[in-house]
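# Descriptive structure summary
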Amino acid sequence: MKVQIYDTTLRDGAQGEGISYSVMDKVRIAKELDRLGIHYIEGGWPGSNPKDMEFYLRMNKSRLKNTKLVAFGSTRRPKIEAAHDANLKAILKSQAQTVTIFGKTWDLHVVEVLKTTLDENLNMIRDTVSFLTGRGLNVFYDAEHFFDAYRANKEYAIKCVLAAQEAGAKAVVLCDTNGGTITSEILRVTGEIRRQIRVSLGIHCHNDTGLAVANSLAAVEAGADMVQGTINGYGERCGNADLIPIIANLKLKLNVDCIDDNKLKELTHVSHFVSEVSNMKQRNDQPYVGSSAFAHKGGVHINAVMKTPKSYEHVDPGLVGNRRKILVSELVGKTGIMLRAKDLEMDLGKEDAKTKKILKLLQKLENEGFHFEAAEASFELLMKKAFKKYKRFFELEGFRVVVEKISNKKVTSEAIIKLKVRGIKEHTAAEGDGPVNALDNAVRKALKDFYPTLSKMHLSDFKVRVLNEKAGTAARVRVLIQSQDEADTWSTIGVSENIIEASWQALVDSIEYKLLKDQS
Ligand SMILES: [Zn+2]
């Protein structure tokens, strides 16, 4: 059995709060999904906005290898001919060879929202589908609100999908548009529909009950052979079904084929890539691909993982391109350090003098307020320094940060920095939204010609915590910075009595980690 994966990140995903794609963003995502082997990509609604139309026209020039581009639109308006419908004209103009048409199936929507008759809605479905199939297009029918429709008026809901099938639709897609249906009901209804139609059957779930992934998988088990969803579950309200765990679960748990075996390990990368282009923070706890998905903490637990990974891991992280993460803290002790060292391909024995030395250093730093559990990149650098597997990428000669407030004008921040890179002195200045941002801008400006890949990373999170509050203004602060690029997310730490100094430490670790990573 094979399931077709249909991605709607560029349409439904683009409805997510905080997401706005430029045409170029959409092109980049489409190419990445093509590489992954996604079968269909819905690019948008050519009739609804000029940006979507531009995307189709742009994509017509670039050839996709594995993916078919799909245009999206609605059934014709009531009481007009399909050929006169502006939306349908736009779909033809997009030149997409596959079209998904959504239409009403819920009698309540037909009468109350569309303000037309149940018969006219059936005509609209038939006319629209046959108008497009008559022009040689491959048409899918998205049955909007299908599960609510089925609950309200089963006979009519079935009539709607049969009308689409009779008019030549190649697939009928059952949509849980409001996202409120429970898994057992999805399973039962999908099974009933499977027995009544002969074309391909798709499922499109929204996540309002937190069940979109489970619902999509249940539909497959009931006979659906196409799953619609978005990368990372982006979408309006609570999002759409997340294709990342859907693909992993289909292949690894249900033994259902969808994308190629050798593409499965791209999942982590694709998830990060899309979060990066979408300007969304990668969720650490995202199943399979989040940075904490295979993180281990606590001595006993780590001992077990070290002996046999299966004891605490449901799958091998490498299968989806992720990796195991050992959280380092005082509690973990020698075993944790050894395991972490092994991950980094450094050999450490339990009684090794080096292990003891690192443990001592770690305890000293933790006493000062460093907390490496949440800063694995800083820890890795620390280990590499201890093993002399590290060379400096630049040396700081000094920096100065000026924060200025004049009467009631906006506060301005400027950083001036002096560095030495490969024997060359760099002296730059930059402004920023705050002192740390100014410093970040200045150091990147100084390094950009030497290390061009730095332009591909950015800071995705910045956290400050006051440590010993009682000391008042002289208290130490801990700064945690999270950075990301198209492939990874990593965290670094700095501790000082001065917030700029602490930020600087975390910033330097973040940059060095990126450069070290790119080098290997
Ligand atoms: Zn949707």
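The notes below deal with the structure included here. Worth saying up front: this structure is predicted, and the values here are computed from it rather than measured.

Reading the values: rules and limits
Within every chain, residues take consecutive numbers counted from 1 along the sequence as written. Predicted model: local features are reported for residues with pLDDT of at least 70 only, side-chain atom pairs are reported and counted for 80 or more only, and whole-chain, interface and lining totals are derived from all residues. Note: side-chain values were computed over all heavy atoms of the structure, leaving out hydrogens and water. Pairing between two strands is assigned when DSSP locates at least 2 bridges connecting them. By the criteria applied, helices consist of DSSP H or I runs no shorter than four residues and strands consist of E runs no shorter than two, each listed in order from the N terminus. Axis angles are defined between N-to-C directions and span 0 to 180 degrees, where every axis is a line fitted to C-alpha atoms and, for a helix, only to the segment in contact. By the convention used here, residues are in contact when the closest approach between their heavy atoms is within 4.5 Å. Water is not among the atoms examined, so metal sites may look incomplete; donors are the N, O and S atoms within 2.8 Å of the metal, or within 3.2 Å for Na, K and Ca. Summary of the burial criterion: residues with accessible area below 20% of their type's maximum are buried, those above 50% are exposed, and those between are partly exposed, where the area comes from a 1.4 Å probe applied to protein chains only. Salt bridges are defined by distance alone: a side-chain nitrogen of Lys or Arg within 4 Å of a carboxyl oxygen of Asp or Glu. Between 30 and 60 degrees the pair is tilted, below 30 it is stacked and above 60 it is edge-to-face, where a pair is any two Phe, Tyr or Trp rings, Trp via its six-membered ring, whose centres lie within 6.5 Å. Whether a charge lies above a ring is judged from NZ of Lys or CZ of Arg, which has to be within 6 Å of the ring centre and within 35 degrees of the ring normal.

### Notes on the sheet that holds strand β11 (residues 395–404)
Within a sheet, each strand pairs with its neighbour through backbone hydrogen bonds, oriented either parallel or antiparallel. An order of β11-β12-β13 is seen for the three strands of this open sheet, with the pairing classed as antiparallel. Single-partner strands in this sheet number two, and they are β11 and β13 (424–432). The average angle at which neighbouring strand axes cross in this sheet is 10°, direction not considered. Two strands pair when backbone bridges link them, and strand β12 (residues 412–421) and β13 are joined in this way by nine bridges, in the antiparallel orientation. Residue pairing in the sheet places Ser413 in a bridge with Gly432 of β13. Along the sheet face, helix α16 (residues 435–447) touches β11, β12 and β13 and points at about 145° away from the line of β13.

### Side note on the coordination of the zinc ion
When a metal holds four donors in a tetrahedron, each ideal angle between them is 109.5 degrees; when it holds six in an octahedron, the ideal angles are 90 or 180 degrees. Looking at the zinc ion, one finds its protein donor set to be Asp12 (OD), His204 (NE2) and His206 (NE2), positioned 2.1 Å from the metal centre. In the primary sequence, the donor residues of the zinc ion line up as D-x191-H-x1-H. Given a relative accessible area of 4%, His204 falls into the buried group.

### So, the pattern of salt bridges
Taken as a whole and assessed by the stated rule, the structure comprises 29 salt bridges. Of the charged contacts, one joins Asp257 and Lys2 as a salt bridge, the two residues approaching to 3.9 Å between their closest N and O atoms. Taken together, the residues span a long stretch of sequence, with Asp257 in the loop between α10 (243–252) and α11 (267–277) and Lys2 in the segment before β1 (4–7) at a distance of 255 residues. On the basis of relative accessibility, which here comes to 32%, the residue Asp257 falls in the partly exposed class.

### Focus on the packing of aromatic side chains
Tallying each qualifying case throughout the model produces 14 aromatic pairs. Between the aromatic rings of Trp45 and Phe102, the centroid separation amounts to 5.5 Å while the plane-to-plane angle is 85°, which identifies the pairing as edge-to-face. Here the residue Trp45 occupies a position in the loop between β2 (40–44) and α2 (50–59), and Phe102 occupies one in strand β4 (residues 98–103), the gap between them amounting to 57 residues. Under the relative-accessibility criterion, Trp45 is labelled partly exposed at 25%. The rings of Tyr6, Tyr40 and Phe140 are connected pair by pair, giving a single aromatic cluster. Above the face of the Phe72 ring, Arg11 is positioned so that its terminal group lies 3.5 Å from the ring centre. Residue placement shows Lys385 over the ring face of Tyr390; its charged tip is 5.1 Å from the ring centre.

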